[in-house]
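Residues per chain are reported as follows:
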Amino acid sequence: EFKLKFSKKVIADTYSKLKVKVITSALKENWFEMNLSYDPATVQEKNGRMGSGDGLFIRKTNIGFQEVPMSDFIFPTPPEEEKKYLQEIFGKNVMDVHSEKEKIFILAQEVIDFLEPYRGIPGSEMDTLSAVEQIMKLKAGKEKVYCGNIAEIFLAVCSSYNIPARKIGLGNTYDDSKNPTIFHSDYHTTVEVFNRDENYWQLIDLTFYLLAATFENGKPMNFIDFFYLLNSGEQSDKMIVSEYDPFKKIINSLKIADAKNYSPLMDYYKQNQKFCFAHKNGFYSY
């Protein structure tokens, strides 16, 4: 905890530098620095910028100050028993694979193949179950899966093989208690997976058999890339998708407009959809 004092009577921006040594439990020394400036409203007003308040700016620091850690958006590794269960069903073909991209593709195809017979509208109970519990319900012939379940199961499988993955929700609703709710589109859930080999987040939407999307130049797309380029008119012609065919067991690489699921993609990813990344505590953080 730092305590700083700045005078409100100053006639110019005031700069200050903090430096502190922290000794960790391993008796290792770490130095942390923070360069700050105090920009008083009086100086802003003198320069003709009315209505501004006093400002404290962090100009430079090696201290992490992200409000929510990145790890809070990454699906946690399932408990050891569930992890072993998932590895018995999925991923036997990735044991000797060294390419992260190939591992992700193999796991995605296996999840699609496994879930294909169970596609449909699930009961509300499925929303409360872990990925393994959902799979058990499916194998017992008691349930179905749609986008949210498909995403949860794929996330758990990726995490079981130490591949970081996170969930993304889309939806836009106008709700009025006196009238029917207006949905801009059905709600949708999809996934981004992190490819460590190439250091990028990659959109994978197994609901629509989408294993990857790239620019015309071959550069992979994350969710934001995909969402905005899909809605950018002529620019969407530069999108290439890898679409899996679970019946022929092949991956087709083609322009987005030629994809089998182009129409539903345009509906669920339409321009006015709101999107958000799922937080580990169960709420969405925009």
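Position labels on residues start from 1 in each chain and follow its written sequence. Local features in a predicted model are, by the rule used here, given only for residues with pLDDT of at least 70; side-chain atom pairs are given and counted only at 80 or more, and totals for whole chains, interfaces and linings are based on all residues. Water and hydrogen atoms were dropped before computing side-chain values, which therefore reflect all heavy atoms in the structure.

Asks: What exactly am I supposed to notice about helix α3 (residues 100-115) here?
Replies: Given 3.6 residues to a turn, an α-helix orients residues that are three or four positions apart in the same direction. Counted at 1.5 Å a residue, the expected span for α3 with its 16 residues is 22 Å, and the 23 Å between its end C-alpha atoms agrees. Of all the 16 residues making up α3, 12 are buried; the element is thus mostly covered by neighbouring parts of the structure. Listed in full, the buried residues belonging to α3 are Glu100, Ile104, Phe105, Ile106, Leu107, Ala108, Gln109, Glu110, Val111, Ile112, Phe114 and Leu115. Numbered from the N terminus, helices here are DSSP runs of H or I no shorter than four residues, and strands are runs of E no shorter than two. To estimate the expected span of a helix, subtract one from its residue number and multiply by 1.5 Å. A simple rule labels every residue: compare its accessible area, found with a 1.4 Å probe on the protein chains alone, to the largest value its type can have, and call it buried under 20%, exposed over 50%, or partly exposed in between.

Asks: Got a minute to help me understand the environment of Asp176 in this structure?
Replies: Looking at where Asp176 falls in the secondary structure, it is placed in the loop between β5 (173-174) and β6 (182-183). You can call Asp176 partly exposed: its relative accessible area is 23%. For the pair Asp176 and Asn35, spaced 141 residues apart in sequence, the C-alpha to C-alpha distance is 48 Å.

Asks: What am I meant to see in the pattern of salt bridges here?
Replies: It is possible for side chains of opposite charge to pair when their charged atoms get near one another. Within this document, salt bridges are pairs made up of a side-chain nitrogen of Lys or Arg and a carboxyl oxygen of Asp or Glu, the two lying within 4 Å of each other. Under the counting rule described, the total for this entry stands at 11 salt bridges. As a salt-bridge pair, Asp113 and Lys249 come within 3.1 Å of each other at their nearest N and O atoms. With a gap of 136 residues between them, Asp113 in helix α3 and Lys249 in the loop between β10 (240-245) and β11 (250-255) connect regions that are remote in the sequence. For Lys249, a relative accessible area of 48% puts it in the partly exposed group. A salt bridge links Glu125 to Lys137, with the shortest nitrogen-to-oxygen separation between them at 3.4 Å. Here Glu125, found in the loop between α3 and α4 (131-139), pairs with Lys137, found in helix α4; they are 12 residues apart in sequence, far enough to count as distant. Here the salt bridges share partners, and the residues they tie into one network are Lys17, Lys19 and Glu33.

Asks: Looking at this model, I keep getting lost on the packing of aromatic side chains. Mind explaining?
Replies: Each aromatic ring pair is characterised by the separation of its centres together with the angle its planes make. Only the six-membered ring of Trp is used, alongside the rings of Phe and Tyr, when aromatic pairs are assigned; centres must lie within 6.5 Å, and planes under 30 degrees apart are stacked while those over 60 apart are edge-to-face, with the rest tilted. One pass over the full model with this rule turns up 13 aromatic pairs. A ring pair is formed by Phe183 and Tyr187, whose centres lie 6.1 Å apart and whose planes are at 80°; its orientation type is edge-to-face. Between the aromatic rings of Phe223 and Phe275, the centroid separation amounts to 5.0 Å while the plane-to-plane angle is 70°, which identifies the pairing as edge-to-face. In this pair, Phe223 is assigned in helix α6 (residues 223-230) and Phe275 in strand β12 (residues 274-278), connecting sequence segments 52 residues apart.

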